[in-house]
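Single-letter residue listing:
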Amino acid sequence: MQAVIAIPKLAGLASEQQAIQMLMRPVAGVPLLTRTVLTAARAGASDVLLVVPAAMNARLLQKLLETISRQEVRVELIQISEFDPQEHSSWIILTGHLKDKFLWLPWNWITTKNSISQLPLGDIGSADWSKAAYATAHEVGRETASSALPPRSAGGVAVTSPESAVAAERFLVANSGKVLDGIHTSFNRRLCWPFVRLLSHTPVTPNAITFGGVVISILSAIAFAHGTYPWSVRGALLFYIAGLFDEMDGMLARIKFAESPSGTWLEGMADGLSYLLLFGGVTIGLSRQYGHVAVLMGIALLIGSVLALIATSLQRRRATAPDRPDEYLGRFYQLLEKDSGNWISRVVRKVQAFQRRGILIHYIVLFTVIGALPLVFLLATLGAHLTWISILYFNHRFFSQSSEVNPTVSKVKEAL
């Protein structure tokens, strides 16, 4: 897919400093025009046609191209004295540059990949060109517009002032979640919104937030290890805060275009380490009250947890491309839905969500406060072993044919 972005004539008439302030205004830590281009790329655009005023300062234009080119997005530039998307003649000038289908994305329209992906081919004649639209070269080349489909615009905010930039940042943060987010995770993300927006204006990286969550998980484990009720409640609250850090690193990565396969794997390892720290701390704490029984149960839980983490890592490698490990959970859920005729798939689809950290942190706090931590301990032990067993089952059911044949020992080493 091609994306078409047109810089207004005003940017060519303004001074270099004013044009820079206009086009490269930071929005959540990313320059405005750069954000527009990267949003198009994230929505699936393989190349961008950038229409700029002929009067634009050459030095400024070079700066813009250098900034955008660092993002590894292919950009074709065309200079026109004046471009008006409402005028048929403006589109005629672009003949030969437009692909059959393209995304129209205004230079200052802040939106999200999900919002753009839902756009149909619209009625171009009545489209709001101040917002994103999905069109064809044939449609914009017609002197009289068709009315085959009603127009629909991608949700977002047009940045025209410092106030609208703030509104755009709030929009981005509010939409930085995932499609699979449930009630618990959505609640967690709402708590994170002001912190994510603040962090987007700092040099703090998503990986730094991930490590911060691990540190808090260590403090949580130490609190649980004391074994008393007050310390256990402190440990549960710290574990909840560590879970919020787990939400924030992904949210920040998405709004700053900092997602990476290595970041996804790091986040997964941090989650696994947090679970092991939690269970280790709880084991030590409960052993002060229940003695060897708690120690044996803790050993069984830790073994089940390690096996579950290894099995999950192997399944993620089989289920996703090397550069898209973040698509694992979505694909796994889709396979479970398609396999709903199998009773095991139906049951796992219903209970699997409770293993997600965004949900688990709520129940850790709840059960700790009501004094039912031993019950959580028992359920976690059973759940950990059922998890790795079910993953092995679904590896064979869903991914055995598409996976590469590698030595088992090598796979385990990679997962570890």
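In every chain, residue numbers begin from 1 and rise along the written sequence. With the structure being a predicted model, the display of local features is reserved for residues of pLDDT at least 70 and the display and counting of side-chain atom pairs for 80 or more, all residues being used for whole-chain, interface and lining totals. As a rule here, side-chain values come from all non-hydrogen atoms in the structure, and water together with hydrogens is ignored.

Caption draft 1: Local environment of the pattern of salt bridges. Every case where a carboxyl oxygen of Asp or Glu lies within 4 Å of a side-chain nitrogen of Lys or Arg is listed as a salt bridge. Counted by the stated rule, this structure contains seven salt bridges. With a shortest N-O distance of 3.6 Å, glutamate 82 and lysine 9 are connected by a salt bridge. With glutamate 82 in the loop between strand 5 (74–80) and helix 5 (88–93) and lysine 9 in helix 1 (residues 9–13), this residue pair connects regions lying 73 residues apart in the sequence. Only protein chains enter the area calculation, which uses a 1.4 Å probe; residues under 20% of their type maximum are buried, those over 50% are exposed, and those in between are partly exposed. Under the relative-accessibility criterion, glutamate 82 is labelled partly exposed at 47%. A salt bridge links aspartate 47 to lysine 99, with the shortest nitrogen-to-oxygen separation between them at 2.8 Å. Secondary structure elements are taken from DSSP: a helix is a run of H or I of four residues or more, a strand is a run of E of two residues or more, and numbering for both begins at the N terminus.

Caption draft 2: Seen up close, the environment of alanine 258. Turning to its location among the elements, alanine 258 is positioned in the loop between helix 11 (229–255) and helix 12 (261–290). For alanine 258, a relative accessible area of 36% corresponds to the partly exposed category. Measuring from C-alpha to C-alpha, the distance between alanine 258 and threonine 205 comes to 8.2 Å, with 53 residues separating the pair along the chain.

Caption draft 3: View of the packing of aromatic side chains. By convention, a stacked pair of Phe, Tyr or Trp rings (six-membered ring in the case of Trp) has centres within 6.5 Å and planes under 30 degrees apart, an edge-to-face pair has planes over 60 apart, and any other such pair is tilted. A full pass over the atoms with the stated rule returns seven aromatic pairs. Note on tryptophan 91 and phenylalanine 102: the rings are 5.6 Å apart at their centroids and 35 degrees apart in plane angle, and the pair reads as tilted. Of this pair, tryptophan 91 sits in helix 5 while phenylalanine 102 sits in strand 6 (residues 101–104), placing them 11 residues apart in sequence. Residue tryptophan 91 is classed as buried on the basis of its relative accessible area, which comes to 4%. Geometrically, the ring pair formed by tryptophan 91 and tryptophan 104 is edge-to-face, given 5.8 Å between the ring centres and 70 degrees between the ring planes. In this pair, tryptophan 91 is assigned in helix 5 and tryptophan 104 in strand 6, connecting sequence segments 13 residues apart. Residue tryptophan 104 is classed as buried on the basis of its relative accessible area, which comes to 4%. An aromatic cluster is present here, built from Phe83, Trp91, Phe102 and Trp104 joined pairwise through their rings. Over the ring of tryptophan 231 we find arginine 234, and its NZ or CZ is 4.6 Å from the ring centre. The rule is short: NZ of Lys or CZ of Arg within 6 Å of the ring centre and within 35 degrees of the ring normal puts a charge over the ring.

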